[in-house]
Number of protein chains: 2
Amino acid sequence: MQLVARKLDLDANAHIAVLNRKDASRIGLVPGSRVEIAHNGKRLIAIVDFSKSYIKQGEVGLFADTWEALGLDDGKEIDISPMPDPESTFYIRKKLDGKRLTDEEIHAIIMDIVENRLTSAEAAAFISAAYIHGFNAEETVALTNAIVASGESVVIEKEPVVDKHCIGGIPNNRTTMLVVPILTSLGFYMPKLSSRAITSPAGTADTMEVLAPVDLDAETVKEITETVGGVMAWGGGTRIAAADDKLIAIRRPLSLDPRGMLLASILAKKKAVSSQYVLIDIPVGPEAKIPTVRKGEELAEQFIDIGTRLGMHMKAVLTDGSAPIGRGVGPVLEARDVLEILSGSGPQDLRKKGAELAAHLISFVKGTPFEEALRIADGQISSGAALRKFKEIVEAQGGDPDVKPEDLKPGKYSETIFADRDGMVYHISNHAVARLARAAGAPFQKGAGLYLHVRVGDRVKKGDPLYTLYSESERLLKDALEQVDDVVRIE
Amino acid sequence: MQLVARKLDLDANAHIAVLNRKDASRIGLVPGSRVEIAHNGKRLIAIVDFSKSYIKQGEVGLFADTWEALGLDDGKEIDISPMPDPESTFYIRKKLDGKRLTDEEIHAIIMDIVENRLTSAEAAAFISAAYIHGFNAEETVALTNAIVASGESVVIEKEPVVDKHCIGGIPNNRTTMLVVPILTSLGFYMPKLSSRAITSPAGTADTMEVLAPVDLDAETVKEITETVGGVMAWGGGTRIAAADDKLIAIRRPLSLDPRGMLLASILAKKKAVSSQYVLIDIPVGPEAKIPTVRKGEELAEQFIDIGTRLGMHMKAVLTDGSAPIGRGVGPVLEARDVLEILSGSGPQDLRKKGAELAAHLISFVKGTPFEEALRIADGQISSGAALRKFKEIVEAQGGDPDVKPEDLKPGKYSETIFADRDGMVYHISNHAVARLARAAGAPFQKGAGLYLHVRVGDRVKKGDPLYTLYSESERLLKDALEQVDDVVRIE
């Protein structure tokens, strides 16, 4: 069909052609159909969207990227024809039918997702099929390799390259920002990619961003790692394991975490940065992502199996996920906890967990007995070596290395909640803490969140402060205060 | 988050807000996330799309419908906040987990699909889950009722209202255009909604459109049915059973036809137009949609079960689906076959099938013995009564009632294929015929398609014409000729 091209002042991650609804349905297209557009000897595949009236019959609106890719001028006639579905749709169909996919089939699906040749509906069908039917170990390995191949990789020409990953779900628990300086100050290399918060009040990337830019490219990740020893970047800002962000974007709305896909997603980011030794932290608790030790052990085994098949040395530890770790919750407050710990004070539970995870890696890589490794790790904090390395990393990423904990100011609106009776702190709810910190504006407002004055096991008297809520907006603070409930249980 | 609003010259079937990619990921949004937009005391829910650079940080682009719904002026600041997922996402999740859905849950999903509160990815997850886990009879009935409730209904205040539906897959087979005039000329009422071709060379709506407009609204469908007796409209042009078109649009790209959903889709369109008696035509053959008699009987039972639960009188017949029925394939050529039959000539196989289906309905509604009903039905053709009624319907829909078969001209470019040996026509391939007619431009070019000079069982000599291919474009005819293969097998 010949249509007159109109440029639309919009861009997207995909080639989009907007047709008048009548034209489109007349040639059998539905929103999401693929068409081939030909002009000037150039051909490309675009996804169709509908317009009721802005795009008139006989016209086609093209997003800016598409317009430029075709080298168009306004008012030119172009040829649009319906395209057959890419082969990967047959493989998605195969998975829907409960069959195993080959390496090549998985690779084709992932590449078509990255190159925007599949619609979000098709990608969602793939995720749904994976969720219901699952992936076996071979498929999971193929999926990981395909995700790695989908983006850039970082080859670190130093050794040993170590990495850690936490399954998440525990407020604060900002151990990465301790493990990286401890280990890199000991000569290990850590090109650490972290995520931003999706449903939590802060991700490591959000917290590190309080101190330095985290939106680094792959080249910078490599350079800082090889010169300084470590880096803490936002994984989503690089093109490393590019398919992963697309898969996350599809999985998130329905909270679908097909088991094999979760493993592949995490391990692809490790493999793509040359990790040799990987430690997985699996917090277990009734309000953690993994509710029981048995499920934690099952997940640990799967990580070790798949990671080993991918050529990495894997270790997994189950940790206490029953309550928040650290005192601050929200980017600024968590960054302050970390800086305080590295400066010799701060919350001791978080310091202890950070040192332990570092010790697991030392012991794993060097064969050092764990108790000795723990003394070494904690010694790097006590001696100030970890803080010096942390400042080097902050500076290398473009932040201010001389920032002090007291420079980190939480939101200017605050309200403290007090104990309404005498007793012992019996429970602090991960879910309620996270919900409250988000209601106050975290992670979008860096200074929003809360600070816990008490820990589980503390004795309190009526009128003692339990926690202080911070926000950068009076309205959000007020909204959050209405939700104060069940955060700290005193018995 | 406060953003400056910019109007985009685009519209869609949904409220769309385009954010700069950086703003969006900073507040945890992904493409497809839902946000609440507030302005001037008005609030609405929009789906987020990303822009790399056209929408700057701090701005939000809004599609025209959204802009008007909010009563905005350019440059106004509006408040955008992430929205929780609608409850129906939990029900979709429940179906993914293999559980049965209640009537209320199915209703909520269908309403959210129609109101664009679900993203296409979420809707695709629902279809995928339905495909894998299936629907039981109660769920199928609930789904049908929800689809009916999702759009307009037509209450025909006359009796009896009859309907027919063919599962499809057989080229030409344009029986609806015979059954409707036969039965309405006998005093039955048929508010027939048909579809356009999706993967075939012509749908009934495409073929009828050669003779009269088919894009009618519900009110017109009612009015013509009650005055003339019958109508042949395009189902997708009405708002009747509105959810169905949305479901089809999601199912089509992956060719997913969850069994319960197929039944619900078809039966909803019957129920929504007050059908009392419904005949289902299930062609069976190796190249039909239903390959074996056993599968055909299974489907027939399901139609009867679900239709009966919905309060309709159901009958299903298995018919011969081994080869095309009629001579012409493509909108103009099929319309010509129909006009010829009603005028007393034309392909006898199609006339016979049309009369038989009409007879099944007469016999079903009136209790007339089938042989007698068949004489009555065919008599309406012989007497010219069916043609007179057909012309009334064409005129009522806005077409020219005096059109003659010879006025219907196929594409001006044509090429005839001849037998390369003596023998008997052993097989005519449904698939090859459909593929070839589409390659020549059908259904988008009304005159494209092919005309079969032979039928299965005919004796041919080398050099006899087998079929003529027509197109309105020289290039498409050439392309199609390259695909000529296996259409007619002579042995």
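Scroll up to find the structure.
Below: a short report on this structure. (Residues numbered from 1 in each chain as written. Chains lettered and ligands numbered in written order. Predicted model: local features only at pLDDT ≥ 70, side-chain atom pairs only at ≥ 80, totals over all residues. Heavy atoms only, no water.)

## Notes on the overall build of chain A
- Of regular secondary structure, chain A possesses 18 helices and 18 strands.
- Its C-alpha atoms put chain A at 75 × 50 × 45 Å along the principal axes.
- Considering only intrachain contacts with a sequence separation of at least 6, the fraction spanning at least 24 residues in chain A is 78%.
- Of the roughly 19000 Å² of accessible surface on chain A, a fraction of 47% belongs to carbon and sulfur atoms. (Helix = DSSP H or I, 4+ residues; strand = E, 2+ residues; numbered from the N terminus. Contact = heavy atoms within 4.5 Å. Areas by Shrake-Rupley, 256 points an atom, 1.4 Å probe, with all protein chains shown as cover.)

## Structural notes on the sheet that holds strand E11 (residues 313–320) of chain A
All names here are of chain A.
- The strand order across the open sheet built from three strands is E7-E10-E11, with neighbouring strands paired in parallel fashion. Two strands close off the open sheet at either side, each with one partner strand: strand E7 (162–166) and E11. Each strand of the sheet is rotated relative to its neighbour by a mean of 20 degrees, with strand direction disregarded.
- In this sheet, E11 lies alongside strand E10 (residues 277–284) in parallel orientation, the contact comprising eight bridges. Across the sheet, residue valine 284 finds its bridge partner in E11, namely aspartate 320. (Pairing = 2+ DSSP bridges. Axes fitted to C-alpha atoms, helices over the stretch in contact; angles between N-to-C directions.)

## A word on the pattern of salt bridges
- Tallying each qualifying case throughout the model produces 62 salt bridges over all chains.
- Linking arginine 455 of chain A and aspartate 349 of chain A is a salt bridge whose minimum nitrogen-to-oxygen distance equals 3.7 Å. Placement of the pair is arginine 455 of chain A in the loop between strand E15 (449–452) and strand E16 (459–460) and aspartate 349 of chain A in helix H14 (residues 348–366), with a sequence separation of 106 residues.
- Overall, the relative accessible area of 36% leaves arginine 455 of chain A in the partly exposed class.
- Note on aspartate 349 of chain A: relative accessible area 13%, which makes it buried.
- One salt bridge in this structure joins glutamate 139 of chain B and lysine 95 of chain B, with 3.0 Å as the shortest N-O distance. Highlighted residues: glutamate 139 of chain B in helix H6 (residues 137–149) and lysine 95 of chain B in helix H3 (residues 88–96), separated in sequence by 44 residues.
- Classification of glutamate 139 of chain B by relative accessible area gives buried; the value is 1%. (Salt bridge = Lys/Arg side-chain N within 4 Å of Asp/Glu carboxyl O. Buried < 20%, exposed > 50% of the residue type's maximum accessible area, 1.4 Å probe, protein only.)

## A look at the packing of aromatic side chains
- Scanning the model with the defined rule gives four aromatic pairs over all chains in all.
- Where phenylalanine 126 of chain A meets phenylalanine 135 of chain A, the ring centres are 6.0 Å apart and the plane angle is 50 degrees; that geometry is what we call tilted.
- Owing to a relative accessible area of 0%, phenylalanine 126 of chain A belongs among the buried residues under this scheme.
- Overall, phenylalanine 135 of chain A belongs to the buried group, its relative accessible area being 12%.
- Taking 5.5 Å as the distance between ring centres and 90 degrees as the angle between the ring planes, the aromatic pair formed by tyrosine 277 of chain B and phenylalanine 364 of chain B counts as edge-to-face. Pair noted here: tyrosine 277 of chain B is in strand E10 (residues 277–284) and phenylalanine 364 of chain B is in helix H14 (residues 348–366), with a separation of 87 residues, a long-range link.
- By relative accessible area, which is 26% here, phenylalanine 364 of chain B ends up partly exposed.
- Directly above the aromatic system of phenylalanine 188 of chain B lies the positively charged group of lysine 366 of chain B, at a separation of 5.4 Å from the ring centroid. (Phe/Tyr/Trp six-rings, centres within 6.5 Å; stacked < 30°, edge-to-face > 60°. Lys NZ or Arg CZ within 6 Å of the ring centre and 35° of its normal.)

## Here we look at unusual backbone geometry
Residue and element names in this part refer to chain B.
- A cis amide bond links glutamate 159 with the next residue in sequence, proline 160, at an omega value of -10 degrees.
- Position of proline 160 relative to the elements: it lies in the loop between H6 and strand E7 (162–166).
- Its identity is not glycine, yet asparagine 173 carries a phi of approximately 55 degrees, on the positive side.
- Within the secondary structure, asparagine 173 sits in the loop between E7 and helix H7 (176–185).

## Things to note about the interface of chain B and chain A
- Contact with chain B, which involves 54 residues of that partner, is made by 55 residues of chain A.
- Of the roughly 4400 Å² buried at the junction of chain B and chain A (both faces included), carbon and sulfur atoms supply 57%.
- The interface formed by chain B and chain A includes two salt bridges.
- Across the pair lysine 52 of chain B and aspartate 65 of chain A runs a salt bridge whose closest N-O atoms are separated by 2.9 Å.
- On the surface where chain B and chain A come into contact, there are seven residue pairs in polar contact (both at pLDDT 80 or more).
- Looking at the side of chain B that touches chain A, the element that brings in the most residues is helix H5 (residues 120–133) of chain B, giving 10 residues.
- Of the residues belonging to the side of chain B that touches chain A, the class tally is 25 nonpolar, 11 polar and 18 charged. (Buried area = accessible area lost by both parts, 1.4 Å probe. Polar contact = N/O pair within 3.5 Å; in protein donor to acceptor, adjacent residues only side chain to side chain. Nonpolar A, V, L, I, M, F, W, Y, C, P; charged D, E, K, R; others polar.)

## A word on the relation of the copies chain B and chain A
- Each copy superposes on the other: chain B lies on chain A with an RMSD of 0.1 Å after a rotation of 180 degrees and an axial shift of 0.1 Å. Expressed as a symmetry operation, the mapping of one chain copy onto the other fits a two-fold axis. When C-alpha distances to the rotation axis are compared across chain B, the minimum falls at alanine 121 of chain B, with a value of 2.1 Å. (Least-squares fit on C-alpha atoms with pLDDT ≥ 70 in both.)

## Quick notes on the packing of H14 of chain A against helix H15 (residues 370–382) of chain A
All names here are of chain A.
- Between H14 and H15, the least distance of the axes is 8 Å, while the angle of their chain directions is 125 degrees. Judged on the interaxial angle alone, H15 and H14 are oblique. Remark: the crossing between H14 and H15 carries right-handed chirality. Residues Arg351, Ala355, Glu356, Ala358, Ala359, His360, Ile362 and Ser363 of H14 form the contact with H15, whose own contacting residues are Phe370, Ala373, Leu374, Ile376, Ala377, Asp378, Ile381 and Ser382.
- Of the residues that constitute the contact of H14 with H15, the class distribution is 10 nonpolar, three polar and three charged. (Parallel < 35°, antiparallel > 145°, perpendicular 65-115°, else oblique. Left-handed = near helix turned anticlockwise from the far one by under 90°.)

## Quick look at the side chain of lysine 389 of chain A
- Relative to the helices and strands, lysine 389 of chain A resides in helix H16 (residues 385–396).
- Beyond its immediate sequence surroundings of up to four residues, lysine 389 of chain A is in contact with Pro181, Thr184, Ser185 and Val228 of chain A.

## Overview of the sheet that holds strand E4 (residues 42–51) of chain B
Residue and element names in this part refer to chain B.
- Reading around the circumference, E1-E5-E2-E4-E3-E6 is the order of the six strands in this closed barrel, with mixed pairing throughout. Sheet twist, expressed as the average angle between the axes of neighbouring strands with direction ignored, equals 45 degrees.
- Alignment of strand E3 (residues 34–39) against E4, held across six bridges, turns out to be antiparallel. Within E4, the position partnered with arginine 34 by the bridge is isoleucine 47.

## Quick notes on helix H11 (residues 259–271) of chain B
All names here are of chain B.
- The terminal C-alpha atoms of H11, which comprises 13 residues, lie 18 Å apart, in line with the 18 Å expected from a rise of 1.5 Å per residue.
- With 11 of 13 residues buried, H11 lies mostly within the body of the structure.
- For H11, the full list of buried residues reads Gly260, Met261, Leu262, Leu263, Ala264, Ser265, Ile266, Leu267, Ala268, Lys269 and Lys270. (Expected span 1.5 Å × (residues − 1).)

## Describing the nonpolar core
- Among the nonpolar cores identified, the biggest contains 187 residues, and Phe390 of chain A together with Phe390 of chain B are the most heavily contacted of them.
- Residue contacts for phenylalanine 390 of chain B: discarding those within four places in its chain leaves Met177, Pro181, Met208, Leu211, Met232, Val338, Leu339 and Leu342 of chain B. (Core = buried A, V, L, I, M, F, W, Y, C linked by side-chain atoms within 4.5 Å.)

## Observations concerning H3 of chain B
All names here are of chain B.
- Within the sequence span of H3, burial applies to Ser88, Thr89, Tyr91, Ile92, Lys95 and Leu96. For H3, the buried positions fall inside an angular range of 160 degrees around the axis, keeping them on one side.
- At the C-terminal side of H3, glycine 98 shows a positive phi close to 85 degrees. (Arc of directions from axis to C-beta.)

## A short note on the pairing of E15 of chain A
All names here are of chain A.
- Of the two faces of E15, the one holding Gly449 and Tyr451 and the one holding Leu450 and Leu452 are both buried throughout.
- Relative to E15, strand E12 (residues 328–329) runs antiparallel, the two sharing two bridges. Of the residues in E15, the one forming a bridge with valine 329 is leucine 450.
- The pairing of E15 with strand E17 (residues 465–471) spans four bridges and is antiparallel. Paired with tyrosine 451 across the strands is threonine 468, a residue of E17.

## Focus: the side chain of arginine 174 of chain B
All names here are of chain B.
- Among the structural elements, arginine 174 can be located in the loop between E7 and H7.
- Engagement of the side chain of arginine 174 in a polar contact is seen with the side chain of threonine 204, the distance being 3.0 Å.
- Contacts of arginine 174, omitting those with residues within four sequence positions, involve Ala202, Gly203, Thr204, Thr207, Glu334, Val338 and Leu350.

## Some points on the environment of glutamine 276 of chain B
All names here are of chain B.
- Among the secondary structure elements, glutamine 276 is positioned in the loop between H11 and E10.
- Taking the relative accessible area as the measure of exposure, glutamine 276 reaches 22% and is therefore partly exposed.
- Considered as a pair, glutamine 276 and methionine 208 are 68 residues apart in the sequence and their alpha carbons are 24 Å apart.
- Residues within four places of glutamine 276 in sequence aside, it is in contact with Glu159, Pro160, Val161, Met312 and His313.
- Only 2.7 Å separates the side chain of glutamine 276 from the backbone nitrogen of valine 161, close enough to count as a polar contact.

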